[in-house]
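This is what each chain is made of:
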Amino acid sequence: KTTAEALRSVVHLALLSTPVEKDMRSRTWTESKDRYGGVIVELPKYLDDGFDDQTTFPLTHFKADLDDHMKKWHERGIRGVWLNIHVSSAGIVPQLAEVGFRLHHARGQSIMMNAWLPRDEPNMLPQWATHQLGVGGVVFNEENKVLVVTERYAHMQNYWKLPGGAVDMEEELPDAVRREVKEETGVDAEFVSLAGFRHLLQFAFGMGDVYFVCFMRATPGSTIRTDPREISAAKWMDLEEFLALEHYQHFVGPLADALRRFARGEMVGFRPERISMNVRRMSSYLYHAH
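Keep in mind that this is a model prediction, so the values were computed, not measured.

Participant: Would you mind going over the nonpolar core in detail, with residue names and values included?
Facilitator: Core analysis: the biggest nonpolar cluster contains 27 residues, and Leu162, Phe242 and Leu259 have the highest contact counts within it. Where this core is concerned, the elements lending two or more residues are strand 8 (131-140), strand 9 (146-151), strand 11 (189-204), strand 12 (207-218), helix 6 (239-243), helix 7 (249-252) and helix 8 (256-263). The dominant element in this core, judged by the number of residues it contributes, is helix 8, at five residues.

Participant: Break down the packing of aromatic side chains for me, with residues and values.
Facilitator: Two measures describe an aromatic ring pair: the distance that separates the ring centres and the angle between the ring planes. Using the criterion set out here, one finds 13 aromatic pairs in the structure. Pairing Phe191 with Tyr287 gives two aromatic rings, centres 6.4 Å apart and planes at 75°, and the pair type is edge-to-face. Here Tyr287 lies in strand 15 (residues 282-288) and Phe191 lies in strand 11, a separation of 96 residues in the sequence. Their ring planes at 55° and their centres at 6.1 Å tell us that Tyr285 and Tyr287 sit as a pair that is tilted. By the ring-pair criterion, three or more aromatic residues cluster together here, those being Trp29, Tyr46, Phe57, Phe62 and Trp73. One Lys or Arg, Lys235, reaches over the ring of Trp160 and ends 4.5 Å from the middle of that ring. Against the face of Tyr285 rests Arg274, its NZ or CZ located 4.1 Å from the ring centre.

Participant: Got a sec to walk through helix 5 (residues 173-185)? Specific residues and values, please.
Facilitator: With 13 residues, helix 5 ought to run about 18 Å at 1.5 Å a step, and its terminal C-alpha atoms sit 18 Å apart, in line with that. Listed as buried for helix 5 are Leu173, Pro174, Ala176, Val177, Arg179, Glu180, Val181, Glu184 and Thr185. Directly after helix 5, the chain includes Gly186, whose backbone phi takes a positive value near 80°.

Participant: Outline the pairing of strand 6 (residues 102-107), listing residues and values.
Facilitator: Pairing analysis gives five bridges linking strand 6 to strand 7 (residues 110-116), with the strands arranged antiparallel. Paired with Arg102 across the strands is Asn114, a residue of strand 7.

Participant: Lay out the confidence of the model for the protein chain in plain terms, naming residues and giving numbers.
Facilitator: Residues of the protein chain with pLDDT of at least 70 account for 88%, and the chain-wide mean is 86. Ranking the helices and strands of the protein chain by mean pLDDT puts helix 5 first, with 96, and helix 1 (residues 3-16) last, with 38. Note on residues 1-26: pLDDT under 50 across the span, and 20 contacts to partners over four residues away in sequence or across chains.

Participant: Describe in detail the pattern of salt bridges, supporting the description with residues and values.
Facilitator: For the structure on display, the rule yields 21 salt bridges. Across the pair Glu121 and Arg79 runs a salt bridge whose closest N-O atoms are separated by 2.8 Å. Here Glu121, found in the loop between strand 7 and strand 8, pairs with Arg79, found in the loop between helix 3 (62-76) and strand 5 (80-86); they are 42 residues apart in sequence, far enough to count as distant. Taking the relative accessible area as the measure of exposure, Glu121 reaches 34% and is therefore partly exposed. Judged by relative accessible area, which is 28%, Arg79 ranks as partly exposed. Each of Asp168, Glu171, Arg179, Glu180 and Glu183 takes part in salt bridges that share partners, so that together they form one network.

Participant: Can you explain the sheet that holds strand 7? Please cite residues and give values.
Facilitator: Taken in spatial order, the five strands of this open sheet run 1-2-5-7-6, and their pairing is mixed. Edge positions in the sheet fall to strand 1 (30-33) and strand 6, since each has one partner strand and no second. Averaged over all neighbouring strand pairs, the angle between strand axes comes to 20°, with direction disregarded.

Conventions and cut-offs
- Starting afresh in each chain, residues are numbered from 1 along the sequence in its written order.
- Note on the predicted model: pLDDT of at least 70 is required for a residue's local features to be given, and 80 or more for side-chain atom pairs to be given and counted; whole-chain, interface and lining totals, by contrast, use all residues.
- The side-chain figures draw on all heavy atoms in the structure; neither hydrogens nor water molecules are used.
- Side-chain atoms within 4.5 Å are what join buried Ala, Val, Leu, Ile, Met, Phe, Trp, Tyr and Cys residues into a set we call a nonpolar core.
- Remark: exposure states derive from per-residue accessible area (1.4 Å probe, protein chains only) relative to the maximum for the residue type, with buried under 20%, exposed over 50%, and partly exposed in between.
- We count a stretch as a helix when DSSP gives it H or I for four or more residues in a row; a strand needs E for two or more, and each element gets its number in order from the N terminus.
- For Phe, Tyr and Trp, where Trp contributes only its six-membered ring, two rings pair if their centres lie within 6.5 Å, and the inter-plane angle classes them as stacked under 30 degrees, edge-to-face over 60, or tilted in between.
- Over a ring means this: the NZ of a Lys or the CZ of an Arg is within 6 Å of the ring centre and within 35 degrees of the ring normal.
- Given the number of residues in a helix, its expected span is that number minus one, multiplied by 1.5 Å.
- Two strands pair if DSSP finds at least two bridges between them.
- Known as pLDDT, the predictor's confidence for each residue is given on a scale from 0 to 100.
- Any two residues whose heavy atoms approach within 4.5 Å are treated as being in contact.
- Each reported salt bridge corresponds to a side-chain nitrogen of Lys or Arg within 4 Å of a carboxyl oxygen of Asp or Glu.
- Fitted lines through C-alpha atoms serve as axes, helices being fitted only where they are in contact, and the angles separating the N-to-C directions of these axes extend from 0 to 180 degrees.

The structure is reproduced here in structure tokens:
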């Protein structure tokens, strides 16, 4: 090494071995601006047992850091503050709550809290997701019979229903219903159109639920192979028998005419069309009538 390189190495090692210096150098709150006059902050870890790497600090240091940043945010006119907290630093949550931060959501190992700083304006920060999405597939085979299942943990015997389930994160509706039908029954089917949807309030954990009913056509020759962890039985049912299911009248009754028309080969429902969204440079499906 050159003399300069050796000197830099010595200084670097000295800094790493001195907790106070390390603390001053590395305890950084990484901010990025949002377009509404707020900031999104990635916090370092604050743990009870102090330093264990260059981004972890004693929990006792947090209050002073928080007070310093709160003062600076107010001086800068910051409106909304979003804090992304690693779950290992959950010990700082009560201190944040004391100064007005509220839990927004948790996902994986991340806790998100936010605070609205202006005292003379109503809180404009959006809530976390208010609804979950589900899909059900009305799958017709070549004989125009409908694919139905009964779940392993059904609340009543012979409760035949459509295969389906929850839409995963970053999953389009056609992909979700194809996946659910395949997972539960082993049947390959293609999405054709959206028949309709049901909107239910106060479903799971106080969230709303939107359930999309999808018209589908089974791939010729596709056979039933159920997933025994979820499904106790699956079969192809005559359309009129399906429409006569007493326990399902609240659901299939309003769709009866559309189901019969689809079975006759008519184009029914809302077809998806891929569109580009200029604002965020994203693409998505627009479902519309023909």
